[in-house]
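Survey of secondary and tertiary structure
Chain by chain, the residues run as shown.
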Amino acid sequence: MDIKKYIKNFLNYKYLLYELVKKNIKLKYRRSYLGILWTLIEPLLTMMVLTLVFGTLFGRDDRTFPIYVLCGRLLFSFFSSSTKAGLKAVSGNAAMIKKVYVPKYIYVISSIISNFVTFLISLIVLVGVGIVLRVHPTIYILQAVIPIIILLVMSLGAGLFLATLDVFFKDVEYIWSVATMLISYASAIFYPTTRVIGTGNAWVFEINPVYMCIANFRNSVLYGQPMNIEYCVRSGVVAVCLLVIGAVLFYKNQDKFILHI
Amino acid sequence: MKENVAISVKDVGMRFNLNQEHVDNLKEYFIKLLKRDLKYNEFWALKGINFEIKRGERLGVLGLNGSGKSTLLKVVSGVLRPSTGIVRTRGVLAPLLELGAGFSPQYTGRENIYLYGAVLGYNKKFLDEKFDEIVDFSGLGEFIEVPIKNYSSGMKSRLGFSIATIVEPDILILDEVLSVGDKKFRTKCEKKIMTMFDRGVTVLFVSHSLEQVQRLCNKAIILDSGRLVAHGPVDKVARIYKNMTD
């Protein structure tokens, strides 16, 4: 069976995957004094800035607003940094790809996973801030796993898709950085959704699968209520479709990569 | 593939599309697509290549610059997929192409041993066991804890050679690698490769030096503009090659 062969081939390279993930994480913080601590400090600082600007300066004194912001920020920055890393995974490893045969998707997967690992570490900040602001976790916190996994699958699909395009068209990098900015503003990271819904523009959230993950994550962690099942299904379907499209596109073109990088 | 064949290359062709200008941005692509201007100049770097290497044979690949030698090695080592034909290999393959090109410059020598080792398909346990042997052979000593970006090119190739040859490969693919490092290290490399020869490793060797090919190989082929023009025992092929180049 073909599938069996692929899985076996993948398992042969799991040590390489581990080494590449380790490399990405290690090199990201090498030569900085605080090192891996930056995965905690950085979201904490941006949370403070966003709370100050969009909370205090806009005259909102909601006690849990920092957590609201932090949930959005953490999930969104995982999505944006992992897709950006995935985008460059093939073209950036050109030297290696030209010399030794390795299944090329390993480079994309490793860049997504290394961002996922730093994301998981940064969740510690959320726990800390939650304790400080006395948010009481409920049993629903367990379902936070679901939007996280959906977002991971989505990033993986987008990463494979973008990595393939980037090999042939360097423009993708710039287009994607504008696109992520657009998605970030449409994901209600630092403003309450009621503001937008109030102007009759709720469709912005209805078509944004990243927002759906963030909303469900907030339901689980911050509000202690069950997930929005519709959001869950919709974002899940988008994620799986993206993964299939990305994987097929990548698979069909991977033999041509070496001629273009 | 027969039991005693280590590498079989059948009807292999490698086609490249040479564009006059490389189209790598969307605007150009769409403009050219609309103008139906996406012409490619087809270029066959290899065409209709057929040969087999039996287990334990050492095949030298001769040819002028641009004759397709390196492309052939890349096809055999699996980096390039041939446009036509099939390549089959049996056993563990150790490609020694442009040593050290896959190193991560920020990483130290030690970290690169694990990273590059993983790229070559070794596992952690194996690398732990062989670590001292690799460092020892490379002769890098305490430099192993220094980031690779501070290495000289000779040091990099020494480390690359040491990592790539730590396995006991069934097939060794050599691309001019015997010209790395200083004389002392070169002798050491040749000695190591000779011990592999004694164990019966199959070799595919590319070199410009006819003398080196005659010394190391027992069979040879000549490539000319991507076509196989001679194939046989090394002395016979060497005579043909001499006539061609003179």
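1. Focus on the overall build of chain B
Within chain B, the regular secondary structure consists of eight helices and nine strands. C-alpha atoms of chain B, sized along the principal axes, occupy 60 × 50 × 40 Å. Going through the 246 residues of chain B one by one, you find that 48% of them count as buried. Contacts spanning at least 24 positions in sequence make up 72% of the contacts within chain B whose residues lie at least 6 apart. For chain B, the accessible area works out to roughly 12100 Å², and carbon and sulfur atoms hold 49% of it. Taking the average place of the 37 positive charges on the side chains of chain B and the average place of its 29 negative ones, the gap between the two points comes to 4 Å.

2. Describing the overall build of chain A
Helix and strand content of chain A: 12 helices and zero strands. Against the globule reference of 18 Å for 261 residues, chain A gives a C-alpha radius of gyration of 19 Å, in line with a compact fold. Taken over the C-alpha atoms alone, chain A extends approximately 60 × 45 × 35 Å along its principal axes. The burial tally for chain A puts 51% of its 261 residues in the buried class. Of the contacts made within chain A by residues no fewer than 6 positions apart, 78% connect residues no fewer than 24 positions apart. A distance of 9 Å separates the average location of the 25 positive side-chain charges in chain A from that of its 11 negative side-chain charges.

3. What to know about the interface of chain A and chain B
Frequently, the measure chosen for interface size is the accessible area removed from exposure when the parts meet. Tallying the contact residues gives 27 residues for chain A and 32 residues for chain B. For the pair chain A and chain B, the summed buried area comes to about 2600 Å², and 66% of that belongs to carbon and sulfur atoms. Across the contact surface, chain A and chain B share three salt bridges. Along the contact surface separating chain A from chain B lie five residue pairs in polar contact (both at pLDDT 80 or more). At the level of secondary structure, the elements contributing two or more residues to the side of chain A that touches chain B comprise α2 (14-29), α5 (94-99), α8 (171-185) and α12 (229-260) of chain A. If one sorts the elements of the side of chain A that touches chain B by residue count, α2(A) sits on top with eight residues. When the residues that make up the side of chain A that touches chain B are grouped by side-chain class, the tally is 16 nonpolar, one polar and 10 charged.

4. Let's talk about the packing of helix α3 (residues 38-56) of chain A against helix α6 (residues 105-132) of chain A
All names here are of chain A. Between α3 and α6, whose axes approach to 8 Å, the crossing angle comes to 50 degrees. Comparing the axis directions of α3 and α6 gives the class oblique. When you trace α3 past α6, the crossing you get is right-handed. Here α3 contributes T39, L40, P43, L44 and M47 to the contact with α6, which in turn contributes T118, I121, S122, I124, V125 and V129. Of the residues contributing to the contact of α3 with α6, the split by class is eight nonpolar, three polar and no charged.

5. Let's talk about the environment of B:V92
All names here are of chain B. Relative to the elements of secondary structure, V92 occurs in the loop between β4 (84-89) and β5 (93-96). Sequence separation between V92 and V167 is 75 residues, and the spatial gap between their C-alpha atoms is 8.6 Å. In contact with V92, not counting residues within four places along its chain, are P169, D170 and I171.

6. Structural notes on the pattern of salt bridges
Applying the stated criterion across every chain, the model contains 16 salt bridges over all chains. With a closest N to O distance of 2.7 Å, A:R30 and B:E111 form a salt bridge. With A:R30 in the loop between α2 and α3 and B:E111 in helix α3 (residues 109-119), this pair bridges two chains. Judged by relative accessible area, A:R30 falls into the partly exposed class, the value being 29%. Its relative accessible area of 12% is what places B:E111 among the buried residues. The partner of B:E190 in a salt bridge is B:R215, with the nearest N and O atoms 2.8 Å apart. With B:E190 in helix α6 (residues 183-198) and B:R215 in helix α7 (residues 210-216), this residue pair connects regions lying 25 residues apart in the sequence.

7. Notes on the pairing of strand β8 (residues 219-224) of chain B
Residue and element names in this part refer to chain B. As paired elements, strand β3 (residues 58-63) and β8 share five bridges and run parallel to each other. Of the residues in β8, the one forming a bridge with G60 is A220. The pairing of β8 with strand β9 (residues 227-233) spans six bridges and is classified as antiparallel. By the bridge assignment for β9, K219 is matched with P233. The hairpin formed by β8 and β9 contains two residues between the paired strands, and S225 there has a positive phi angle of roughly 45 degrees.

8. A word on the environment of A:I189
Residues and elements named next belong to chain A. Within the fold, I189 resides in the loop between α8 and α9 (193-198). Taking the relative accessible area as the measure of exposure, I189 reaches 6% and is therefore buried. Measuring from C-alpha to C-alpha, the distance between I189 and I97 comes to 38 Å, with 92 residues separating the pair along the chain. Apart from residues no more than four positions distant in its own chain, I189 is found in contact with Y68, V69, G72, R73, F76, S184 and R218.

9. Digging into the packing of aromatic side chains
All names here are of chain A. Evaluated as defined, the whole model comprises 23 aromatic pairs over all chains. Between the aromatic rings of Y15 and Y18, the centroid separation amounts to 6.2 Å while the plane-to-plane angle is 25 degrees, which identifies the pairing as stacked. Within this pair, Y15 and its partner Y18 are both found in helix α2, separated by three residues, close to a single helical turn. On the basis of relative accessibility, which here comes to 11%, the residue Y15 falls in the buried class.

What counts, and at which threshold
Counting of residues starts from 1 at the beginning of each chain's written sequence and follows it residue by residue. The naming scheme follows written order: chains are lettered A onward, ligands numbered 1 onward. The predicted origin of the model limits local features to residues at a pLDDT of at least 70 and limits the giving and counting of side-chain atom pairs to 80 or more, whereas totals for whole chains, interfaces and linings rest on all residues. As a rule here, side-chain values cover all heavy atoms of the structure and leave hydrogens and water aside. Secondary structure counts use DSSP, requiring at least four H or I residues in a row for a helix and at least two E residues in a row for a strand, with both numbered from the N terminus. Relative accessible area decides the class of each residue, using a 1.4 Å probe on protein chains only: under 20% of the type maximum gives buried, over 50% gives exposed, and in between gives partly exposed. Contacts were defined at the residue level, with two residues in contact if any of their heavy atoms lie within 4.5 Å. Using a 1.4 Å probe, accessible areas were evaluated by the Shrake-Rupley method; residue-level cover was limited to the displayed protein chains. In this tally, Lys and Arg are treated as positive and Asp and Glu as negative; His is ignored, and so are the chain termini. By convention, charge coordinates are those of NZ in Lys, CZ in Arg, CG in Asp, or CD in Glu. Radius of gyration here is computed from C-alpha atoms only, and the compact-globule reference equals 2.2 Å multiplied by the residue count raised to the power 0.38. A quick way to say it: buried area is the sum, across both parts, of accessible area lost when two parts are put together, with a 1.4 Å probe. In what follows, salt bridge is the name for a side-chain nitrogen of Lys or Arg lying within 4 Å of a carboxyl oxygen of Asp or Glu. In protein, a polar contact means a hydrogen-donor-capable atom and an acceptor-capable atom, both N or O and within 3.5 Å, with residues adjacent in sequence counting only if both atoms are side-chain atoms; elsewhere, any N or O pair within 3.5 Å suffices. Each residue is assigned to one class: nonpolar for Ala, Val, Leu, Ile, Met, Phe, Trp, Tyr, Cys and Pro, charged for Asp, Glu, Lys and Arg, and polar for all the others, Gly among them. Inter-axis angles, ranging from 0 to 180 degrees, are taken between N-to-C directions of lines fitted to C-alpha atoms, where helices are fitted over the stretch in contact. The labels follow the angle: roughly parallel below 35 degrees, roughly antiparallel above 145, roughly perpendicular from 65 to 115, and oblique for the rest. Crossings are classed by handedness, with left-handed meaning an anticlockwise turn of the near helix from the far one by less than a right angle and right-handed meaning a clockwise turn. Should DSSP find at least two bridges between two strands, the strands are taken to pair. Stacked, edge-to-face and tilted labels apply to pairs of Phe, Tyr and Trp rings (six-membered ring for Trp) whose centres lie within 6.5 Å, assigned for plane angles under 30 degrees, over 60, and everything in between, in that order.

Bear in mind that shape data such as this cannot, by itself, settle questions of function.
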